[in-house]
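What follows is the residue order along each chain.
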Amino acid sequence: MDLPLTDAEEDMLARAVHFAETHVAPNAQDWEDERRQPIETLKAGSLAGFAGLEVPENLGGAGMRFRLKARVAEELARHCFAFSFSMINHMGLAGKIARDAPEEIQKRYLPEILAGEAIGCAALSEPNAGSDFAAITTSAKKVDGGWVINGEKAWITNAAHADLMFLYAQTDPAAGWRGVAGFLIDAREDGVSRVPPFQIMGGHAIGVGGFILKDHFVPDIRLMSVPGSGFKAAMASVNAARSYVATMCCGMTEAAIELAARHASNRAAFGGHIADFQGLRWQLADAQTDVEAARLLAYRAVLAVETGAEAELPAAHAKKFAGKMADQHLARCMQIMGAAGMRREYPLGRQIACARIANYVDGTTEIQNERIARALFNRKKGQEK
Ligand SMILES: Cc1cc2nc3c(=O)[nH]c(=O)nc-3n(C[C@H](O)[C@H](O)[C@H](O)COP(=O)(O)OP(=O)(O)OC[C@H]3O[C@@H](n4cnc5c(N)ncnc54)[C@H](O)[C@@H]3O)c2cc1C
């Protein structure tokens, strides 16, 4: 399975590959050493056209398909998963506004997002609600002309710099998931404060952090998913995210395999090179087979999302397999490189931390299994009838 691209999409992908090699690869370790999100590179990526990838041309974007977003994410992740995830989240808000917001909101916010002047994020998680998303307690109370939001969001990619967030809040705790609604929040307005970016074990380019909202007023026009549709909208967006996280795991794992293979071909030992040892060669061959399998699952999920087909299961299989594969094989590639694999000039340590991130974001590996098991047991139950 492949994801054929149009000529225009191929051109954009080539630009992304060039951008990744010139802006991301040479700087990614510095960002990590400085434990910072590279806002200047997010801006450069936006100006290069990536922020508007999915935004129609009449709204200032490139009007391209979801498959290209997934492929761009894969290429950026070869060099820095954390930056790729940050860029893709920023793009996500642009796409959402272009799809769902009224014209007035599009005109107000899209130009600054596409120029990288305002960075976007998606805020579902809270200090006390991660996997159990329906348990969020950030509240939205209806008032004249809008809503008043109170609560805290945590573990939000891009929170270090984001000005705009797609925020989910509970409008009626008694209604459970049916009370969840989605709002476009402008974090530059009163009642929104940023908490300091989180210090994590690696992947600081992701700019993860949080926001506190205190009596923040958001006008009706920025209610983008009405109560009743918010939860479903969030689940649809995580299916898309799971499919591109899977392509990103393929990109970063394959880059590590290529690096380890090059190293093994040059590293002399016992009168030959370590690549001569079949046990070692086969480890990389097995890793490559897993990348090929992960990519098939990932691209299948991407196509399901793009065509509007049922995507929950394909996305769950793809993300689970790819996340576990990245965890396992990045560590294996480091082992194959011996102590050299730990050195700063190689990306392996940095990307290993990102493989951990991949197993949390947009639903943990266990939550993917829950989705798969739920379908499996429902199916079995149905067959018994
Ligand atoms: C770097 C980073 C960036 C992130 N970016 C964003 C973002 O942009 N926006 C956003 O909203 N969130 C973001 N997240 C949060 C992410 O979505 C959550 O970490 C994830 O949903 C898991 O929630 P949790 O960490 O609170 O774990 P918990 O929900 O507390 O889970 C803890 C453990 O219990 C397991 N578990 C929970 N429920 C079940 C179950 N039913 N069955 C089996 N096992 C279960 C989990 O798999 C996990 O192993 C980010 C996280 C990280 C690390």
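As the structure is a computational prediction, the values presented were derived from the model and not from experiment.

1. Looking at the packing of helix H9 (residues 312–336) against helix H10 (residues 348–358)
A packed helix pair is summarised by two numbers, namely the angle formed by the two axes and the spacing between the axes. Relative orientation of the contacting elements H9 and H10 amounts to 160°, with a least axis distance of 9 Å. Taken together, the axes of H9 and H10 are roughly antiparallel relative to one another. Viewed along their axes, H9 and H10 form a crossing whose handedness is left-handed. Residues Lys319, Ala326, Asp327, Leu330, Ala331, Cys333 and Met334 of H9 lie in contact with H10, whose contacting residues are Leu348, Gly349, Gln351, Ile352, Ala355, Arg356 and Ala358.

2. Focus on the domain arrangement of the chain
We note that the domain assignment places domain 1 (7–118), domain 2 (122–228) and domain 3 (231–380) within the chain. Listed as interface residues are 29 residues of domain 1 and, on the opposing side, 25 residues of domain 2. Taken together, the two surfaces of domain 1 and domain 2 that pack against each other cover about 2100 Å², and 62% of this comes from carbon and sulfur. For the domain 1 face of the interface with domain 2, the top three residues by lost area are Arg35, Gln37 and Tyr109, together amounting to 27%. Here domain 1 and domain 2 share two salt bridges between them. Glutamate 112 is the partner of arginine 188 in a salt bridge, and the nearest nitrogen-oxygen pair spans 2.7 Å.

3. Let's talk about the side chain of histidine 216
Relative to the helices and strands, histidine 216 resides in strand S7 (residues 209–219). Once residues within four sequence positions are removed from consideration, histidine 216 is found in contact with Trp147, Val148, Ile149, Ile185, Asp186, Glu189, Asp190, Gly191 and Val192.

4. Notes on helix H8 (residues 278–307)
The end-to-end C-alpha distance of H8 is 43 Å, a good match for the 44 Å that 30 residues give at a rise of 1.5 Å each. Looking one or two residues beyond H8, the residue adopting positive phi is glycine 308, at roughly 80°.

5. Looking at the site of the ligand
Close to the ligand lie 19 residues, the nearest being Ser125, Ser131, Trp155, Thr364 and Glu366. Between alanine 122 and the ligand, the recorded distance is 2.9 Å, taken from a backbone N or O atom to a nitrogen atom. Here the ligand has 970 Å² of accessible area as a free molecule, and 65% of this is covered by the chains. At the level of secondary structure, the elements contributing two or more residues to the shell around the ligand comprise strand S1 (120–123), strand S3 (146–156) and helix H11 (365–384). Looking at the shell around the ligand residue by residue, the classes come out as 11 nonpolar, six polar and two charged. Lining the shell around the ligand are residues from two domains, each supplying at least three of them: domain 2 (122–228) and domain 3 (231–380).

Each value, and the rule that gives it
- Residues numbered from 1 in each chain as written.
- Predicted model: local features only at pLDDT ≥ 70, side-chain atom pairs only at ≥ 80, totals over all residues.
- Heavy atoms only, no water.
- Axes fitted to C-alpha atoms, helices over the stretch in contact; angles between N-to-C directions.
- Helix = DSSP H or I, 4+ residues; strand = E, 2+ residues; numbered from the N terminus.
- Parallel < 35°, antiparallel > 145°, perpendicular 65-115°, else oblique.
- Left-handed = near helix turned anticlockwise from the far one by under 90°.
- Contact = heavy atoms within 4.5 Å.
- Domains from an automatic or database assignment.
- Buried area = accessible area lost by both parts, 1.4 Å probe.
- Salt bridge = Lys/Arg side-chain N within 4 Å of Asp/Glu carboxyl O.
- Expected span 1.5 Å × (residues − 1).
- Near = heavy atom within 4 Å.
- Polar contact = N/O pair within 3.5 Å; in protein donor to acceptor, adjacent residues only side chain to side chain.
- Areas by Shrake-Rupley, 256 points an atom, 1.4 Å probe, with all protein chains shown as cover.
- Nonpolar A, V, L, I, M, F, W, Y, C, P; charged D, E, K, R; others polar.

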